[in-house]
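Single-letter residue listing:
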Amino acid sequence: MKEGYESFKKGGVLEFKNLGGGDYEAVVDAFSSTNLVRLHVEGNEMSDCSCDCAFLRRGSICPHIVATLFYLQKDLFDDDEGIMPKKPAKPKRPSPAKQFRDLLKTISHEELKKFMQEVSYSYPNIRDSFISRYAHHLYPEYKETYTERVQALIKKYANPYGFVDYVESSPLSRSIRDLIGESSVSFERGNIQKGIYILEAIVEEMTKTLRHADDGKERMSESISLAFEQLSIFANSNLKEPVHKELFEWLLKLFDEGTLKHRMWHYDVIVIATDMIKNDAEKERVRASLNKIKPKGEQWDWNYQQIQNLTARLIKKTEGPEAAARYIENHASNPEFRNLLIKEAVDREDYAKAEQLAIDGIREDERRLPELVVFWRHYLLEIYQLSKNTEQIIQVARQLLIHSDIFFFPREIQSLRSGKKISYTEQTYYQLLKSHVPREQWPEFLERLVEDLSKQDWGKDFDRTTQIYIWEQQWDKLFMLLQKNPNFFQIKSKIPYLKDKYAPKLALLCKDLALKYIANNKGRESNHFTCEHIQLIDQLGERAMAMDLIKELKATYRTRKSLVKMLEQLEESLLSSQPGCKN
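Since this is a predicted model, take the numbers as computed values, not measurements. Every chain begins its residue count from 1, and numbering advances along the sequence as written. Confidence filtering applies because this is a predicted model: local features only for residues at pLDDT of at least 70, side-chain atom pairs given and counted only at 80 or more, and all residues used for totals across whole chains, interfaces and linings. Hydrogens and water molecules were not included; the side-chain quantities draw on all heavy atoms of the structure.

1. Considering the overall build of the protein chain
Argument step 1. Here a strand is any run of E in DSSP of at least two residues, a helix any run of H or I of at least four, and the numbering for each starts at the N terminus. Along the backbone of the protein chain there are 27 helices and 8 strands.
Argument step 2. Under the scheme applied here, a residue whose accessible area is under 20% of the maximum for its type counts as buried, over 50% as exposed, and between as partly exposed, the area being computed with a 1.4 Å probe on protein chains only. When each of the 583 residues of the protein chain is scored for burial, the buried share is 43%.
Argument step 3. We call two residues in contact whenever any of their non-hydrogen atoms come within 4.5 Å of each other. Nonlocal contacts in the protein chain, meaning residues at least 24 apart in sequence, comprise 56% of its contacts between residues at least 6 apart.
Argument step 4. Surface summary for the protein chain: the accessible area is close to 34,200 Å², and the carbon and sulfur share equals 51%. The accessible surface values rely on the Shrake-Rupley method and a 1.4 Å probe; as for residues, cover is taken only from the protein chains in view.

2. Concerning unusual backbone geometry
Argument step 1. Across the junction of glutamate 241 and proline 242, the peptide omega takes the value 0°, indicating a cis bond.
Argument step 2. Mapped onto the elements, proline 242 comes out in the loop between helix 10 (217–235) and helix 11 (243–256).
Argument step 3. Although it is not a glycine, histidine 262 adopts a positive phi angle of roughly 70°.
Argument step 4. Classification of histidine 262 by relative accessible area gives exposed; the value is 76%.
Argument step 5. Positive phi outside glycine occurs at lysine 388, with the angle close to 55°.
Argument step 6. Relative to the helices and strands, lysine 388 is located in the loop between helix 18 (370–386) and helix 19 (390–403).

3. Focus: the nonpolar core
Argument step 1. In this structure, Leu172, Ile202, Phe228, Leu247 and Val286 are the most contacted members of the largest nonpolar core, which totals 52 residues.
Argument step 2. Those elements that place two or more of their residues in this core are helix 7 (143–157), helix 8 (166–188), helix 9 (192–209), helix 10, helix 11, helix 12 (268–276), helix 13 (280–291) and helix 14 (302–319).
Argument step 3. Among all residues touching leucine 172, those that are not within four sequence positions of it are Leu153, Ile154, Tyr157, Val164, Met206 and Met220.
Argument step 4. Take the buried Ala, Val, Leu, Ile, Met, Phe, Trp, Tyr and Cys residues and link them wherever side-chain atoms come within 4.5 Å; each set so joined is a nonpolar core. The next biggest cluster of nonpolar side chains, apart from the first, holds 48 residues, and it includes Tyr379, Leu381, Ile402 and Leu449.

4. Some thoughts on a nonpolar patch on the surface
Argument step 1. Here a patch means residues that are over 30% exposed by relative accessible area and free of salt bridges, tied together within 9 Å if like-charged and within 5 Å if nonpolar (Val, Leu, Ile, Met, Phe, Trp, Tyr). When a carboxyl oxygen of Asp or Glu lies within 4 Å of a side-chain nitrogen of Lys or Arg, that pair is called a salt bridge. A grouping of Phe100, Leu103, Leu104, Ile107, Leu112 and Phe115 is seen on the molecular surface, where their side chains present a nonpolar patch of about 550 Å² in accessible area.
Argument step 2. Broken down by secondary-structure element, the contributors of at least two residues to the nonpolar patch are helix 4 (96–106) and helix 5 (109–122).
Argument step 3. For the nonpolar patch, the element with the most residues is helix 4, which contributes 3 residues.
Argument step 4. The topology assignment puts phenylalanine 100 in helix 4.

5. Observations regarding the side chain of glutamate 282
Argument step 1. Tracing the chain through its elements places glutamate 282 in helix 13.
Argument step 2. When charges are counted, Lys and Arg are positive and Asp and Glu negative, with His and the chain ends excluded. The buried charged residue glutamate 282 lacks any salt bridge partner; its closest oppositely charged side chain belongs to lysine 278, at an N-O distance of 6.9 Å.
Argument step 3. When residues no more than four places from it in sequence are discounted, the contact partners of glutamate 282 are His244, Phe248, Met276 and Ile277.

6. Things to note about helix 7
Argument step 1. What a helix should span is 1.5 Å times the count of its residues minus one. In this model, helix 7 (15 residues) spans 22 Å end to end at C-alpha, consistent with the 21 Å of a helix rising 1.5 Å per residue.
Argument step 2. Considered for burial, the residues of helix 7 that qualify are Lys143, Tyr146, Thr147, Arg149, Val150, Leu153, Ile154 and Tyr157. Buried residues of helix 7, viewed axially, fall in a sector of 160°; they line one side. Opposite the packed face of helix 7, turned more than 90 degrees from it, sit the exposed residues Glu144, Glu148 and Lys155. The arc under discussion is defined with respect to the helix axis, by the directions toward the C-beta atoms.

Nothing here speaks to function; it is all geometry.
This is the structure:
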């Protein structure tokens, strides 16, 4: 800040240009180096800045940018008094942008032509930009013209190695969006070829640039996505020949050559080309491109699934909805198709067909796509609820509870009927079971459920079983389970349920755990964890037991000075607090 202000006061801002639209450019001498600064200001805030000095590359706002900001606001400050607001100034001239607009209205056509001729000799960049913008008045449109414009923009914001960093990605993306706007205007004014050439050039050149970008990829990708959105609009506007054919072939060439492979737009080009189809020849041309992609026989062949989705779209476009429905029905192994077919069957209240589709999905995907099986089972559960099939509701809910994974809850599944997200937890399955199993059968059902849970992995079995005992308020069984599988964290989490009845016994469990743990572990963290056991004993209301354990440990491990010191601090803390309080 100080160096930047000093540079501003000493006239370090050597050149300053208002580029319009909130963009500024300056050449600044500060901190022993002269560098180029660019700013973008929106309202009263700087939203983007860049400088080619070493400070900004290290992540700091550099003195050059600070000096430029002071220069930008120089009319607000009085140099003789330091950084203090001046009194309100007299009205000043209009902004350069307004002056420019006013002059364009005032000067004659001949004066403007003469000025442009003079400027073209002194500023070749302005001349080249002018030719690029208006050459279509003299010659046929060439895509190379717009390719060069995009390349020039990329070169402007890239470093000498062609790399576009995060700071420069913003002004580059803004310039590309301006080009897309120019494309839209050209299209509206009837210069359709120019509008399409601009978008094609953006797609081709900007996707190459993504290989040489880091954190700015997201911004640049948004620009490419915007270009594809505009292309889609153009493609669906009933283009005439030869523009229609040129764009259609360009899209398929991108796909066939894999130009955008592994990019999010790879399949978008086929979507746009499909929407453009006007005859059988174009239909077969798209089909031929799709048929080049063959199934790999992998467990999850995402690319081939996309080809099937696009084929269904092609059939619907060229042969009608009924033919597309038959194709989808015959390829139900595609998860998206199966999902659609199940929802359509539910909408028709054809629960038998919906059930069979879900069961087939479970069977087919059990090995190759276990995650999908979870969705098919939840769909099956909802189908049985809609068809009021109590026996099957119990069976599926029981299966989901036993095989649920506690680390993925709550799980959200879109409802087949309402389309809203339904949040499923283990308690959801438990409540379904309890509400559908006859009351007189519930105790025996619950006993068998716990028995089956015990056959699962120990961690999942223990957590689910303890949770069931809590829901059922079976405190004796909960304590017996803890006693059988003592664990500090489990005991601590169950204190709210068991403290009133089992506090002394829980404290004894903690004491045994502490003695076993400290006997086999050393170090500061182990000492601290042992003290946590003692604190938990005290929280259970067993202050005397906690103090006795401290004395026992101090005597047994008197040579472990770090442990003894920590125990003494805990002892002092307990003596100064009320029994049962957290320390």
